[in-house]
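Structural overview
These are the residues of each chain, in order.
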Amino acid sequence: MSLSSQSALRGITRIAAVISGIALAIVIIIPIWRIELDAPQYPEGLEMYIHANKLAGDVEIINGLNHYIGMQELHAENFIEFTVLPYILGFFAIWALLVAFVNKRWFFYSWLIGFVLFGVLSMVDFYKWLYDYGHNLDPKAPIQVPGMTYQPPLIGFKQLLNFGAYSIPDIGGWLMAGVGVMMAAVFVSEFLASKKS
Amino acid sequence: MTKIQSKFRIAAIGIFSLSTLIGLNSCKPKTAGSAVSGDAAQKVYVAPGEHDEFYSFTSGGFSGQVSVYGIPSGRLFKVLPVFSVDPETGYGYSEESKPMLNTSYGFVPWGDQHHLAVSQTNGESDGRWLFANENNTPRVARLDLTTFTTSEIIEIPNSAGNHSSPFITENTEYVVAGTRFSVPFDDENGDIPINSYAEKFNGAITFIKVNPETGRMNIEFQLKTPAVNYDLSHTGKGPSSGWFFFSSYNTEKAHTLLEVNASQRDKDFILAVNWKKAEEYLKAGKGRKVKTNYVHNVMDENTHTATSTTINEVTVLDILDLEGVCYYIPCPKSPHGTDVDPTGEYIVGSGKLASLIPVFSFSKIQKAIQDKKFDGDFDGIPVINYEAALHGEVQKPGLGPLHTEFDNNGNAYTSFFVSSEVVKWNVKTLQVIDRQPTYYSTGHLTVAGGDTKKPFGKYLVAWNKITKDRYLPTGPELTQSAQLFDISGEKMQLLLDFPTIGEPHYAQIIPASLIKDKQKRIYDINKNSHKYVAKGEDKTKIVREGNKVHVYMTLVRTHITPDNIEGIKIGDEVYFHITNLEQDWDLPHGFSVKGNNNAELLILPGETKTLKWVPNRVGIIPFYCTDFCSALHQEMQGYVRVSPAGSNVPLAYGTGDTAPGAKK
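In this text the structure is predicted, and so the values were computed from the model without any measurement.

1. Brief notes about the interface of chain B and chain A
Interfaces are frequently sized by the accessible area removed from exposure as the parts join. Counting residues at the interface gives nine residues for chain B and seven residues for chain A. Interface of chain B and chain A: buried area, both sides summed, is about 660 Å²; carbon and sulfur atoms make up 53% of it. The largest per-residue losses of area from chain B upon contact with chain A belong to Arg557, Asp584 and Leu632 of chain B, which jointly make up 64% of the total buried on that side. Between chain B and chain A we count zero salt bridges in total. Where chain B touches chain A, the interface holds four residue pairs in polar contact (both at pLDDT 80 or more). Classifying every residue of the side of chain B that touches chain A by side-chain character gives three nonpolar, three polar and three charged.

2. What to know about the packing of helix H4 (residues 105-135) of chain A against helix H5 (residues 171-196) of chain A
All names here are of chain A. Orientation of H4 relative to H5, taken along the N-to-C sense of each, is 145°, at an axis distance of 11 Å. Here H4 and H5 pass one another in a crossing that is left-handed. Counting all contacts with H4, which are made through Arg105, Phe108, Tyr109, Trp111, Leu112, Phe115 and Phe118, the residues of H5 involved are Met176, Val179, Gly180, Met183, Ala184, Val186, Phe187, Glu190, Phe191, Ala193 and Ser194. Tallied by class, the residues present in the contact of H4 with H5 amount to 14 nonpolar, two polar and two charged.

3. Structural notes on unusual backbone geometry
Residue and element names in this part refer to chain B. With an omega of 20°, the peptide bond between Ile71 and Pro72 qualifies as cis. The linkage connecting Thr561 with the following residue, Pro562, adopts the cis geometry, with an omega of -5°. Along the chain, Pro562 turns up in the loop between strand E37 (559-561) and strand E38 (564-569). In this structure, Lys333 is a non-glycine residue whose phi angle is positive, near 50°. Phi at Ser420 is positive, roughly 50°, even though this residue is not glycine. Mapped onto the fold, Ser420 is located in the loop between strand E27 (411-416) and strand E28 (421-426). Judged by relative accessible area, which is 12%, Ser420 ranks as buried.

4. Looking at the domain arrangement of chain B
Residue and element names in this part refer to chain B. Structurally, chain B comprises domain 1 (84-227 + 287-321) and domain 2 (528-658). Between domain 1 and domain 2, the C-alpha centre-to-centre distance is 36 Å. On the domain 2 side, the residues contacting the 12 residues of domain 1 number 15 residues. Together domain 1 and domain 2 conceal approximately 1100 Å² of surface at their shared face, both sides included; 50% is due to carbon and sulfur atoms. Of all residues in domain 1, Glu95, Glu96 and His304 bury the most surface against domain 2, accounting for 40% of the area lost on that side.

5. Observations regarding the packing of aromatic side chains
With the rule as written, the count across this model stands at 48 aromatic pairs over all chains. Seen from their ring centres, Phe108 of chain A and Tyr109 of chain A are 5.9 Å apart, and the 50° between their planes marks the pair as tilted. Neither residue differs from the other here; Phe108 of chain A and Tyr109 of chain A are each classed as buried. Arranged with centres 5.5 Å apart and planes meeting at 65°, the rings of Tyr532 of chain B and Tyr552 of chain B form a pair that is edge-to-face. Of this pair, Tyr532 of chain B sits in the loop between strand E34 (507-511) and strand E35 (541-545) while Tyr552 of chain B sits in strand E36 (residues 548-556), placing them 20 residues apart in sequence. Its relative accessible area of 14% is what places Tyr532 of chain B among the buried residues. Between the NZ or CZ atom of Lys352 of chain B and the centre of the ring of Tyr249 of chain B, over which it lies, the distance is 4.1 Å.

Basis of the calculations
Think of each chain on its own: its residues are numbered from 1, step by step along the sequence as written. Just so you know, chain letters begin at A and ligand numbers begin at 1, following the order they were written in. With pLDDT at 70 or above as the cut-off, local features in this predicted model cover only qualifying residues; side-chain atom pairs require 80 or more to be listed or tallied, and sums for whole chains, interfaces and linings still use all residues. Note that the side-chain values use all heavy atoms of the structure and ignore hydrogens as well as water. Whether two residues touch is decided by their heavy atoms; if any such pair falls within 4.5 Å, the residues are in contact. When two components associate, each loses some accessible surface as probed by a 1.4 Å sphere; the sum of these losses over both components is called the buried area. One side-chain nitrogen of Lys or Arg within 4 Å of one carboxyl oxygen of Asp or Glu is enough to make a salt bridge. Contacts described as polar in this section are N or O atom pairs within 3.5 Å, which, within protein, must combine one atom able to donate a hydrogen with one able to accept it, while residues neighboring in sequence count only if both atoms come from side chains. Note on residue categories: nonpolar means Ala, Val, Leu, Ile, Met, Phe, Trp, Tyr, Cys or Pro, charged means Asp, Glu, Lys or Arg, and polar means any other residue, Gly included. All axes here are fitted lines through C-alpha atoms, helices being fitted over the stretch that makes contact, and every angle between N-to-C directions spans 0 to 180 degrees. By the criteria applied, helices consist of DSSP H or I runs no shorter than four residues and strands consist of E runs no shorter than two, each listed in order from the N terminus. Should the near helix be turned anticlockwise from the far one by less than a right angle, the crossing is left-handed, and should it be turned clockwise, the crossing is right-handed. Exposure classes here rest on a 1.4 Å probe applied to the protein chains alone. A residue is buried below 20% of its type maximum, exposed above 50%, and partly exposed in between. The split of the chain into domains comes from an automatic or database domain assignment. Here a Phe, Tyr or Trp ring, Trp counted by its six-membered ring, pairs with any other such ring whose centre lies within 6.5 Å, and the pair is stacked when the planes are under 30 degrees apart, edge-to-face when over 60, and tilted otherwise. Comment: the charge-over-ring label is applied if NZ (Lys) or CZ (Arg) is within 6 Å of the ring centre and within 35 degrees of the ring normal.

See the structure below:
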């Protein structure tokens, strides 16, 4: 381990770490992702919110509609993610606070690597989840359109039969992204500072 | 006279006559076409997807229902079943709603609905409830404006022709019901000669108390009065708070050919009632319990089931025993409308055969009572001197004044049946400001908030009695016609004709903002405590109790559970208790059975309703959802197998994998 990685952190990095810790703790209780559905018959729109520990919004109505095309019903208890995600977020929140407390570059770097890995794995998991949900259809479904699958977009807009599906991060997701961007920025400044020293 | 002179004279007469004729011709009233000015279409145009600014709750008259229009577009949104059965929704046909139409005479499938009142707080519309009268079998209903359904109906004892109703006090403390027909009271022998009217018949004015939280009605007391006909009424407000004014006619006490015999006197009366004081007499125990028989029907929002309770007693105060409560104010020629202006100071009487409109002053009435300026009494009730009570008369307003409403600028608007017009006049100065023809013969008229302390003004609707050529003809029976006026300017501007259901009498127009955001979209199925609810397909079942068969059924897009039923026999009474499992907006399901001697049901999300069916032939009987609920609506169906009486086909039922005989 190099000398510089044992160096103390800059003040701004420690502040950023504390903010990140608090932000990630908040993410546990607010919606992270949002899927909005619009159809001619639903001018008021349907919304599903993905929290760390549950699904909220018009889940029952969406389940009712999805039976036509044979999609599985969504129930939070069927996904291990909703059990472990609050703990993972809590873990990263505490770790971020420790970054400020331990005050070592290497400790900060390892948090950042861990957090980026967590972000990537989460998105991969989410994609697989959407894929399965959109492709694994009941063969006896009343409405079967040859070649049609119903995988909602990971992020962005996609037309699925009469429904337009719009998938975007909710406040929690934006907070997580903000944490990532902020910590990456302070990482760059730490890195430049370490080159100078 | 020379020949030339006489020729000249003939020519002069000719020219004069011609010019007079031309002049007369130009005096001919304008046609309807020219009465509508250029920007009318723009003022009533509500673009697709946009909402109207006002709701109009309009009485349905002999249809027994209430209709809901948007103003200014004049579009009909809904007909609300209140006093008449409605096979479209199953109102009066479902087992749950049958008690709503129960009366002391048994089940009455029809009513005559004349007047409406939106509940008020501090004299302003609050948009919580809508009260509706029934004329024929005297009743008052309360509708909930979060669901637009009838919550409650109470019958009025000792009355006949509940016309002077359901007018309310400033804070909806009371709904009143004044009888049109005087009749013998329920505790007296009614088997008497009709010509004993003057001696043996009585009038009743009923005060129905309204629970300020729940809206629940109960008859607090009745005033027993000498025999006359009560016509209309309105509450006092502001300074006249605590008083109620009832128009009366037939002070001639005719019991036959009222057309002539009840039109003899120059003046009939407005009855001023100090109800606050009547309440004191009630508290002091002046009331007498009178034996009677009337019903109170209540729809429970959680069980979705109505109950009908019979009540055997009512507290009656005889107005002859109450000093300082009742006074007669003379009013010309069989008064119809009695309307109180927004300040509460002026009371307008409309004698339907009069050629002027008297406006009474509340402060003058009070002074006259204080100074005892009475012209004797009528039937023992003091008659206040006409001049002493009078603020002034509107001279030559038109012919046949019926009703008056008010705007927020001190103006009154009176409808005229005979001269077929609406006349705008100033309440203080009594000067006529404008008159516009109506098509034809206006009965009631409504200004938005026009009977409250704070009228919204802006629009006036004339509810006309005669239609003739206003629309494409539809055979001898024509729609009724309403006319919308813009009253925001000095002159009233005709904007729109629109057709109405039944025969509208009074209406209430209130801003949409008062109620549209409080609308329920569904009934919460978790709160459904119906005796036969099935909260899920796994809760469906069929229970046989002798020849009564209870089917606990569910509907959800797009199937019925159970949809195959076997083991029903001739002689059975089948009750389909159907729960709509949907919890999404605008997803009713319907339900009907082939050959059922009954209506269909329309079941809203989260609701349970029961349809009775008595099968009368052996065979396969289909049933299906009648409301196009979704893409696979045509698949939403089922079969009942009906076997002969005494058959041993076992009771079996299910849907899909659980259907009788299905391969597991």
